[in-house]
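# Structural description and commentary
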2 protein chains.
Amino acid sequence: MKCRTCGQPAIINLRQHKLALCRTHFLDWLPEQTQRFIHHYRMFTLDDRILVAVSGGKDSLSLWDMLTRLGYHADGLYIGLGVLGDGFDYSAESQRLAEQFAAQRGLKLHVVDVKATYGATIPELAVISHRGQDKPCSVCGLVKRYIMNRTAYEGGYTVLATGHNLDDEAAVLMQNTLTWSGGYLVRQAPVLPASGLGLARKVKPVCRIYERELAAYALASGIEYVYDECPHAVGSNTLWYKDILNQMEEKRPGLKLQYYLSFLQAKDDGLFAAQAAQADELHACEKCGQPTTAPGLCSFCRLWDRVRQSREA
Amino acid sequence: MKCRTCGQPAIINLRQHKLALCRTHFLDWLPEQTQRFIHHYRMFTLDDRILVAVSGGKDSLSLWDMLTRLGYHADGLYIGLGVLGDGFDYSAESQRLAEQFAAQRGLKLHVVDVKATYGATIPELAVISHRGQDKPCSVCGLVKRYIMNRTAYEGGYTVLATGHNLDDEAAVLMQNTLTWSGGYLVRQAPVLPASGLGLARKVKPVCRIYERELAAYALASGIEYVYDECPHAVGSNTLWYKDILNQMEEKRPGLKLQYYLSFLQAKDDGLFAAQAAQADELHACEKCGQPTTAPGLCSFCRLWDRVRQSREA
């Protein structure tokens, strides 16, 4: 297999694009694709101050790398969740790799450790709060969304970027269609606009890039990242949907890309009724001031209240 | 496993409903479920004259059986397609079983043989018309829709019923979402209303019944039916989607039912924008007078024109 651009040996074959590329041209091609998508969805410009949520994995580190290569002003945010793996400290290793990435490139990385800042790790929180049965994933999502938004808002960032890839988005889309969750379908988008009350603009610049392309990008550009999935994700619904979609993609190269892009196109073409797209009304949390959909305390503050009550009991 | 109603040995375990039933109570339960759905979607009443499209397979014969057991006035329509199987005459065997079913119950069956009436079998038509590449399925769909509608209209039937089951509908739904075909999604429904210009009202009374339940019904009530899929369906997209959905159902009993019913519910709740639901304007075909979406000849008449031209050439 030879590079379509220069004829040198290819390092990757992108079946869905019928395109093989060598290391050099793949490392050019992926940021170009990302840039096109950023432009098409008007995600941000060179004037924006971007906060990239980095987990230490291939998706977010590749994203951060591409954004800085493309000339964007992008700082990082690492959230220490306190997750342990089988025989190694998953969160500590992820943090080390995120910090190493930033240090090597002279980039600024914010670190918020959940236990040090708020008093408990994510697995501890899941047990104390009885939320999400045995799985800490629901609590983890809530805590991360809160910290990402607050850090972006308080740091004066104009946009918050996450490393959701095509495989993530296609799996979520499948999940949303299996139950036809109207609200989720309507809100699933590459850009979620900011709201006056302190909700940061959220963007997913690599949501049309395959997971394997991001892994190849990280490897080819020498980015050291955590290989393992989060130990709590093993056996999750999302991984199950990803397996099914991979099986379908195997038979029909490009299926995932078509699935997601045709969904975005259909939405742009007005497939869904407008009333379903109405955003929830936002209130300021009585305690922390952060935006919340119901009056009173936000779900993050209610979570920590439960922790306090449980410890006092 | 015991029948939930009477405690006798069960013949079927409906995992998605957590319900096991004996032969007698299953043969009561399935028509009851069907009746509920007919009522919920206001498909037809005891005053309607129903034409059931029967293929000789389990779905349509079970449907016809249930409709007559429920007291509806339902005649049958068998369309002779001229399809040959591997070592046996698929269409002839299907016709024999449809005729046997009708004769045993004293029911009226219309038979329209495509070759005898119009001059070529479906496989011949597919080759002559170059439509649908190697597969006659697209031509077959066109011809069947035409003959069903025309027979219903000319016979004074108020409604045309087909045996589409849940597995069929879920597979089509998956196909429609993988490409986000707005028009198809909006039109996929248990009832398609009649149109003034001679388009019969179409209903799918068993579209929320699993394929295996219809097979069990046919077996338990002694209906002899064609076991094989149409030989041309082997390797089709629809069967591929069915395989994937079966795999998902295996892990999550009830998934297909939830997938389809939540889609119908979301539609009823107004998920899709109204403009997408606008019906195409209909015209009368200049040759046969049947309804068509474009002025001039309908696609059925154009198909036979091509056959004539090709034979004269």
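## Let's talk about the interface of chain B and chain A
Contact with chain B, which involves 28 residues of that partner, is made by 28 residues of chain A. For the chain B and chain A pair, buried surface summed over both sides reaches about 2600 Å², with 68% attributable to carbon and sulfur atoms. At the surface where chain B touches chain A, the tally comes to 10 residue pairs in polar contact (both at pLDDT 80 or more). When contributions to the side of chain B that touches chain A are tallied by element, the ones reaching two or more residues are α7 (166–178), α8 (182–187), α10 (237–251) and α11 (255–268) of chain B. In terms of residue count, α10(B) provides more of the side of chain B that touches chain A than any other element does, seven residues in total.

## Observations regarding the packing of aromatic side chains
Residue and element names in this part refer to chain B. If you walk through the whole model with that rule in mind, you get 30 aromatic pairs over all chains. Ring centres of F26 and W29 lie 6.3 Å apart, and the angle between their planes is 25 degrees; this geometry places the pair in the stacked category. One end of the pair is F26 and the other is W29, both in helix α1 (residues 23–40) and three residues apart, which spans about a single turn. The two residues F26 and W29 agree in class, both being buried. The interplanar angle of 85 degrees and the centroid separation of 4.8 Å between the aromatic rings of F44 and Y72 together place this pair among those described as edge-to-face. In this pair, F44 is assigned in the loop between α1 and β3 (49–53) and Y72 in the loop between α2 (58–69) and β4 (73–80), connecting sequence segments 28 residues apart.

## Some points on the nonpolar core
Judged by nonpolar contacts, the single largest core of 138 residues is most densely connected at A:M174, A:W180, A:M248, B:M174, B:W180 and B:M248. With residues up to four places along the chain from it excluded, the contact list for A:M174 reads A:Y241, A:I244, A:L245, A:M248, A:Y259, B:M174 and B:M248. Counting residues in hydrophobic clusters, the runner-up holds 34 residues, among them A:A53, A:V83, A:V112 and A:I128.

## Examining the pattern of salt bridges
Considering all chains together, one arrives at 29 salt bridges over all chains under this definition. Across the pair B:K58 and B:D59 runs a salt bridge whose closest N-O atoms are separated by 3.5 Å. Residue class for B:K58 comes out buried when judged on its relative accessible area of 16%. Taken together, the shared-partner salt bridges in this structure form one network comprising A:K58, A:D59, A:D168, A:E211 and A:K242.

## Examining the relation of the copies chain B and chain A
Once chain B has been moved 0.0 Å along the axis and rotated by 180 degrees, it coincides with chain A to within an RMSD of 0.0 Å. Both copies of the chain, as the preceding transformation shows, are related through a two-fold rotation axis. When the interface residues of chain B are mapped onto chain A, 100% of them again lie at the interface, so the same face is used by both copies.

## Some points on the side chain of B:D65
Residues and elements named next belong to chain B. Checked against the element boundaries, D65 lands in helix α2. With a relative accessible area of 7%, D65 lands in the buried category. A polar contact is formed between the side chain of D65 and the side chain of R105, at a distance of 3.2 Å.

## Some details on the pairing of β3(B)
All names here are of chain B. Judged by how many residues are buried, β3 sits mostly within the fold: four of five residues are covered. Pairing geometry for β3 and β4, over five bridges, is parallel. The residue of β4 that forms the bridge with I50 is A74. Here β3 pairs with strand β6 (residues 159–161) via three bridges, running parallel. The residue bridging L51 from the neighbouring strand is L160, located in β6.

## Focus on the packing of α1(B) against α2(B)
Residues and elements named next belong to chain B. The N-to-C vectors of α1 and α2 enclose an angle of 80 degrees; their axes lie 10 Å apart at closest approach. Overall, the two elements α1 and α2 adopt an arrangement that is roughly perpendicular. Across from L27, D28, L30, P31, T34 and I38 in α1, the residues of α2 making contact are M66, L67 and R69.

## Considerations on the confidence of the model for chain A
Summarising the model, chain A shows a mean pLDDT of 93, and 97% of its residues fall at 70 or more. For this predicted complex, the interface score ipTM comes out at 0.89, while the overall pTM is 0.92.

## A closer look at the sheet that holds β6(B)
All names here are of chain B. Taking strand neighbours across the sheet as the criterion, the six strands line up as β5-β4-β3-β6-β8-β7 in an open arrangement whose pairing is mixed. In this open sheet, the two edge strands, each paired with only one partner strand, are β5 (109–113) and β7 (191–192). Its contacts with the sheet put α2 on β3, β4, β5 and β6, and the angle it makes with β3 is roughly 160 degrees. This element, helix α3 (residues 90–105), spans β4 and β5 of the sheet and lies at about 165 degrees to β5.

## Comments concerning the packing of helix α5 (residues 122–129) of chain A against helix α6 (residues 137–154) of chain A
Residues and elements named next belong to chain A. Running from amino to carboxyl end, α5 crosses α6 at an angle of 115 degrees, the nearest separation of the two axes being 9 Å. Here α5 and α6 pass one another in a crossing that is right-handed. Here I122, L125, A126 and S129 of α5 lie close against α6, whose contacting residues are V139, C140 and V143. When the residues that make up the contact of α5 with α6 are grouped by side-chain class, the tally is six nonpolar, one polar and no charged.

Reading guide: rules and limits
- Counting starts from 1 at the beginning of each chain's written sequence and moves along it residue by residue.
- Both sets of labels track the order of writing: A upward for chains, 1 upward for ligands.
- Confidence filtering applies because this is a predicted model: local features only for residues at pLDDT of at least 70, side-chain atom pairs given and counted only at 80 or more, and all residues used for totals across whole chains, interfaces and linings.
- The side-chain quantities take in all heavy atoms of the structure and omit both hydrogens and water.
- The contact criterion used throughout is that any non-hydrogen atoms of two residues lie within 4.5 Å.
- In short, buried area is how much 1.4 Å probe accessible area vanishes from two parts on joining, totalled over both.
- Counted as a polar contact is a pair of N or O atoms within 3.5 Å, where, for protein atoms, one must be capable of donating a hydrogen and the other of accepting one, and residues adjacent in sequence contribute only when both atoms are in side chains.
- Only DSSP runs of H or I covering at least 4 residues are called helices, and only runs of E covering at least 2 are called strands; the numbering of each starts at the N terminus.
- Whether two aromatic rings pair depends on their centres lying within 6.5 Å, for rings of Phe, Tyr and Trp, where Trp uses its six-membered ring; planes under 30 degrees apart make the pair stacked, over 60 edge-to-face, and the rest tilted.
- With a 1.4 Å probe rolled over the protein chains alone, any residue whose accessible area is under 20% of its type maximum counts as buried; one over 50% counts as exposed, and the rest are partly exposed.
- Note on terminology: a nonpolar core comprises buried Ala, Val, Leu, Ile, Met, Phe, Trp, Tyr and Cys residues joined through side-chain atoms within 4.5 Å.
- The salt bridge criterion pairs a side-chain nitrogen of Lys or Arg with a carboxyl oxygen of Asp or Glu, the two atoms within 4 Å.
- Superposing copies: least-squares fit, C-alpha atoms only, residues required to have pLDDT of at least 70 in both.
- Only when DSSP finds a minimum of two bridges between them are two strands counted as paired.
- An axis is simply a line fitted to the C-alpha atoms; with a helix, the fit covers only the stretch in contact. Between two such axes, the angle follows the N-to-C directions and lies from 0 to 180 degrees.
- Roughly parallel refers to an angle under 35 degrees, roughly antiparallel to one over 145, roughly perpendicular to one between 65 and 115, and oblique to any angle outside these ranges.
- Summary of the metric used: pLDDT quantifies the predictor's per-residue confidence within the range 0 to 100.
- Here is the rule for handedness: rotate from the far helix to the near one, and if that takes an anticlockwise turn smaller than a right angle the crossing is left-handed, while a clockwise turn gives right-handed.
- Just so you know the grouping, Ala, Val, Leu, Ile, Met, Phe, Trp, Tyr, Cys and Pro go in nonpolar, Asp, Glu, Lys and Arg go in charged, and all remaining residues, Gly too, go in polar.

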